[in-house]
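Listed below are the residues making up each chain.
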Amino acid sequence: MTQAELTLAAALGSAMLTAIASLGVVWFQERRRGEASSKADLVQAIETVLGKSMAITQRAQVWSTLAKTYSGTGDQFAVLLHAREPINFQTLFEPMIVDQEEMSRAAARIWLESDQVIVAIANGVVLAAAEVASVVMPTPPTGRLARKFGLHVQRWDDADVEKVEQAMKRLGLARKALADRQRTILRQPDIDLFALPDDET
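Residues numbered from 1 in each chain as written. Predicted model: local features only at pLDDT ≥ 70, side-chain atom pairs only at ≥ 80, totals over all residues. Heavy atoms only, no water.

Novice: When you look at the overall build of the protein chain in this model, what are you seeing that I'm missing?
Specialist: Each helix and strand in the protein chain was counted, giving six helices and zero strands. Ordered by position from N to C terminus, the α and β elements of the protein chain give α-α-α-α-α-α. Looking at the 201 residues of the protein chain, the share that counts as buried comes to 27%. Here the analysis covers contacts within the protein chain between residues at least 6 apart in sequence; of these, 75% occur between residues at least 24 apart. Of the roughly 13100 Å² that the protein chain leaves accessible, carbon and sulfur atoms contribute 61%. (Helix = DSSP H or I, 4+ residues; strand = E, 2+ residues; numbered from the N terminus. Buried < 20%, exposed > 50% of the residue type's maximum accessible area, 1.4 Å probe, protein only. Contact = heavy atoms within 4.5 Å. Areas by Shrake-Rupley, 256 points an atom, 1.4 Å probe, with all protein chains shown as cover.)

Novice: Looking at this structure, I do not really get the pattern of salt bridges. What am I missing?
Specialist: In this structure the tally under the stated criterion is eight salt bridges. We note a salt bridge from aspartate 99 to lysine 52, for which the minimum N-O separation is 3.6 Å. Of this pair, aspartate 99 sits in helix α3 (residues 89-113) while lysine 52 sits in helix α1 (residues 3-69), and the two are 47 residues apart along the sequence. For aspartate 99, a relative accessible area of 3% gives the class buried. According to the relative accessible area criterion, lysine 52 is partly exposed, its value standing at 21%. For aspartate 115, the salt bridge goes to arginine 181, with nearest N and O atoms at 3.8 Å. Here arginine 181 lies in helix α6 (residues 158-185) and aspartate 115 lies in the loop between α3 and α4 (116-136), a separation of 66 residues in the sequence. Classification of aspartate 115 by relative accessible area gives partly exposed; the value is 33%. Bridged by salt links that share partners, the residues Lys52, Arg59, Asp99 and Glu102 form one connected network. (Salt bridge = Lys/Arg side-chain N within 4 Å of Asp/Glu carboxyl O.)

Novice: I would appreciate a short explanation of the nonpolar core in the present structure.
Specialist: Formed by 31 residues in total, the largest nonpolar core has its most connected members in Ile110 and Val136. Those elements giving two or more residues to this core turn out to be α1, α3, α4 and α6. Here this core gets ten residues from one element, more than from any other, and that element is α4. With residues near it in sequence (within four places) discarded, isoleucine 110 still touches Leu42, Ala45, Ile46, Val49, Ile118, Val119 and Ala122. (Core = buried A, V, L, I, M, F, W, Y, C linked by side-chain atoms within 4.5 Å.)

Novice: Help me out: how do you make sense of the packing of α4 against α6 in this one?
Specialist: For any two helices packed against each other, one specifies the inter-axial angle together with the distance between the axes. Contact geometry for α4 and α6: axes closest at 9 Å, N-to-C directions at 160°. In this view, α4 runs roughly antiparallel relative to α6, as classed from their interaxial angle. Like other packed secondary-structure pairs, α4 and α6 cross with a definite hand, here left-handed. Taken together, the residues of the contact of α4 with α6 break down into 18 nonpolar, two polar and five charged. (Axes fitted to C-alpha atoms, helices over the stretch in contact; angles between N-to-C directions. Parallel < 35°, antiparallel > 145°, perpendicular 65-115°, else oblique. Left-handed = near helix turned anticlockwise from the far one by under 90°. Nonpolar A, V, L, I, M, F, W, Y, C, P; charged D, E, K, R; others polar.)

Novice: What's the story with α4 in this structure? I'm lost.
Specialist: Residues spaced three or four apart along an α-helix point in a common direction, a consequence of the helix completing one turn every 3.6 residues. Counted at 1.5 Å a residue, the expected span for α4 with its 21 residues is 30 Å, and the 31 Å between its end C-alpha atoms agrees. Of all the residues in α4, the buried ones are Ile118, Val119, Ala122, Val125, Ala128, Ala129, Val132, Ala133, Val135 and Val136. (Expected span 1.5 Å × (residues − 1).)

Novice: Where do I start with α6 in this structure?
Specialist: The end-to-end C-alpha distance of α6, which contains 28 residues, comes to 41 Å, matching closely the 40 Å that a straight helix rising 1.5 Å per residue would cover. Regarding α6, the residues found buried are Asp160, Val161, Val164, Ala167, Met168, Leu171, Gly172, Ala174, Arg175, Leu178, Ala179 and Gln182. Immediately beyond the C-terminal end of α6, within one or two residues, lies arginine 187, with a positive phi of roughly 60°.

Taken by themselves, the reported measurements are silent on function.
Printed below as a string of structure tokens:
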């Protein structure tokens, strides 16, 4: 092989090595970007579970308070006599159903992307949210007049309020467990997630 051929071969070999190295760098960068995107999607899914569970808690609290004000006999007659608007169940519960659906989709993402601990805690949040929704869901009106006027004939007393509050408490603890775990993964300091502005620090 002549000197020119050796020089050409060396140049081609160098160019090939450079090309391979460049491809390796591109592959590594794409892989890093893919991992970063996957982590961002996972964090977003966890945020969705946390946020939607908060929304369900707030809607349940509103419903519990409202149902209590409609539970008296006088309140039922007020609706019957058109002195008071009946409860609009669709307006109250459709948003809660949407929250649950979005939470379920986010939990499915967590199933695909996260570890066993996060999956288990997220499952706990979803189940606790479902419990809150079930305890506030009213029984359908019974009887001809009740169906016609949309009367809420189920009495909502202090025991029902307590049942809702206990379910919301369990959901709050489940939500806190998920947030605490994620904060640990993100290397955030431990804080009191239930703290209020007037609490001592």
